[in-house]
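Report on the structure
Chain by chain, the residues run as shown.
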Amino acid sequence: MKSNPKSLTQRPAWKALAAHQKKISKLHLRRLFAADKKRGDKLTASGAGLFLDYSKNRINAETLKLLVQLAKEADLRGRIDAMFKGEKINITENRAVLHTALRAPKTAKIIVDGKNVVPDVHAVLDKMSAFAKRVRSGAWKGYTGKRIKNIVNIGIGGSDLGPVMAHEALRHYSQRSLVFRYVSNVDGIDFVEAVQDLNPAETLFIVSSKTFTTLETMTNAESARAWLLKGLGGNKKAVAKHFVAVSTNAEKVSAFGIDTANMFGFWDWVGGRYSMDSAIGLSTMLAVGPENFRKLLAGFNAMDEHFRKTPFEKNLPVLMGLLSVWNNNFLGAETVAVLPYENYLKRFPAYLQQLTMESNGKHITLAGKKVTYQTSPIYWGEPGTNGQHSFYQLIHQGTRLIPCDFIAFAKALTPLGRHHDLLIANVLAQSEALAFGKTAEEVAAEKVADWLVPHKVFEGNRPSNTIFAEKLTPEILGALVALYEHIVYVQGVIWGVNPFDQWGVELGKVLAMRIAPELESKAEPKLAHDSSTNALIRRYRKLK
Ligand code: G6Q
């Protein structure tokens, strides 16, 4: 793979950015806006139905120029093309990275190992659509002949967070007669609570697991099968009517007792956290219907095309990716707050935590060297306005720099009195207050006692982006998710890491499998861990 042989911090653009940062470090957003009355119109870009205002970042024209140069020195253009073409850019797993193929139109041609994968993608989509229509219409019957009313998705990580987020985000478009539940945690309470008010005769389980070996998912799937059989008189034939699978592993699906005719496949070139638009989105399709699901895919595809074709200076994922590098590596920001002013997006920050941090939480470069700079910031957030009455204090007046991504929509899906205007007034007020703050003179002019003035000063100069769209539709959700997927890729290319593996989750899994029998064995086990782990195991055994 072609990558710049010069380590990142030795490249001309990086060095120039470091020097430039020193030069402009005293520059305040107040001055930047005062110096250019059109800044708020100029530092904007749009694509795939999303509008981005990035003017409230601590940047000037030179910063942008150098960031674009940084992207060029990392061969971002070449790396984008390599991903879309299906090159095996996930080098540690020797895999192509083609979530973009999941939303490619039927006419597209994307070749992996000599084969066009697009027809396979559409065959699975057609199969999902036919199945979704049968369940949604009541044509698909449970074992006792009753129609399905409840759908329980069992999966974890990438096989859960996307579906959970999309179900919440698209609730407005969902068939309300169907109940959706999501079970992920190996903590038995997750399953118990999810099914406690459900009738097994009316319940369909989707076991979503790329590998079909994941401990949590398989444990929950076994408990689900036992619960179903207990509720339906114990005949194993019932399983076929109440379980379907989403997986790449037909052998394991069939060994579990699920008819592979009811298995929806995907491929090793779809990473877990990039899979909500594959068959892993079956629960989403059941909720919103095949047409809305295809609209969701169209939104993803519109952002893919924007990312692939738009010059860097107007390219939303490139701009946001580069700005996050600026904030992270040159301004020292450790986190990014994602703050949707749309309650349906309440699980979006949780979804982004995995997408961003599992992807770029790496300290080894593609060349196998330890990085000498920060990689992924910590992504977190809550919907506005709730966050305002909680942690915004720290963003406004704390000691840390926390860049914010505000997300807002012009239209409410269900308008209610003044609610939406008030919601939008709040998001605009927050980014304004963060950027411009309130000076000591302004506070004093309000006749505040001298000693109180410093407490009431807002320094401002806190950076934010505002992403604005007309309304939350399936297309817009697709565009929004694809936007962040590609931001993550841009960041990964600049930092020179592989955003598509996740070796860091392995060690804990292996150790858990070693510890489980030590907790369960009747006889006192011989323990060979460190003294802390040994003592905790003994304490658990005594108390359990
Ligand atoms: C995502 C990760 C991880 C994965 C889960 C579930 O990118 O790979 O979160 O999605 O571990 O894996 P299975 O789908 O194989 O059960």
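Overview of the structure. All figures in this text were calculated on a predicted structure; none of them were measured in a lab. (Residues numbered from 1 in each chain as written. Predicted model: local features only at pLDDT ≥ 70, side-chain atom pairs only at ≥ 80, totals over all residues. Heavy atoms only, no water.)

Once that is clear, we can look at the pairing of strand β6 (residues 179-183). Where strand β5 (residues 150-154) and β6 come together, five bridges link them in parallel fashion. From the neighbouring strand, isoleucine 154 faces β6, where its bridge partner is valine 183. Following the chain from β5 across helix α7 (residues 161-169) to the adjacent parallel β6, one finds a crossover that is right-handed. (Pairing = 2+ DSSP bridges. Helix = DSSP H or I, 4+ residues; strand = E, 2+ residues; numbered from the N terminus. Right-handed = clockwise from strand over helix to strand, strands pointing away.)

With that settled, the discussion passes to the sheet that holds strand β2 (residues 50-53). Across the sheet, six strands lie side by side as β1-β2-β13-β12-β10-β11; this open sheet has mixed pairing. Of all the strands in the sheet, just β1 (44-47) and β11 (378-380) have a single pairing partner and so form its edges. Each strand axis lies, on average, 15 degrees off the axis of its neighbour in the sheet, ignoring direction. Where strand β12 (residues 404-409) meets strand β13 (residues 464-469), six bridges bridge the pair, whose relative direction is parallel. When the sheet's bridge partners are listed, isoleucine 407 is paired in β13 with isoleucine 467. Helix α14 (residues 348-360) rests against β10 (335-341), β11 and β12 of the sheet, and its axis sits at about 165 degrees to β11. (Axes fitted to C-alpha atoms, helices over the stretch in contact; angles between N-to-C directions. Contact = heavy atoms within 4.5 Å.)

With that settled, consider the site of the ligand. Contacts to the ligand come from 13 residues, most closely from Ser159, Ser209, Lys210, Thr211 and Thr214. The separation between an oxygen atom of the ligand and a polar side-chain atom of serine 159 is 2.7 Å. Between the ligand and the protein, one listed contact pairs an oxygen atom with a side-chain N or O atom of threonine 211 at 2.6 Å. With the chains in place, 86% of the 410 Å² that the ligand exposes on its own is no longer accessible. A breakdown of the residues in the shell around the ligand according to their chemical character gives one nonpolar, nine polar and three charged. (Near = heavy atom within 4 Å. Polar contact = N/O pair within 3.5 Å; in protein donor to acceptor, adjacent residues only side chain to side chain. Areas by Shrake-Rupley, 256 points an atom, 1.4 Å probe, with all protein chains shown as cover. Nonpolar A, V, L, I, M, F, W, Y, C, P; charged D, E, K, R; others polar.)

Most often, soluble globular proteins keep nonpolar side chains buried together rather than apart. Leu50, Trp269, Phe348, Leu477, Leu483 and Tyr484 are the most contacted members of the largest nonpolar core, which totals 130 residues. Among the elements that line this core, the one with the most residues is helix α19 (residues 474-495), at 15 residues. Look past the residues within four positions of tryptophan 269 in its chain and what remains in contact with it is Ala96, Val97, Leu98, His99, Ala101, Leu102, Val112, Val117 and Val121. Counting residues in hydrophobic clusters, the runner-up holds 25 residues, among them Ile154, Ala194, Val195 and Val207. (Core = buried A, V, L, I, M, F, W, Y, C linked by side-chain atoms within 4.5 Å. Buried < 20%, exposed > 50% of the residue type's maximum accessible area, 1.4 Å probe, protein only.)

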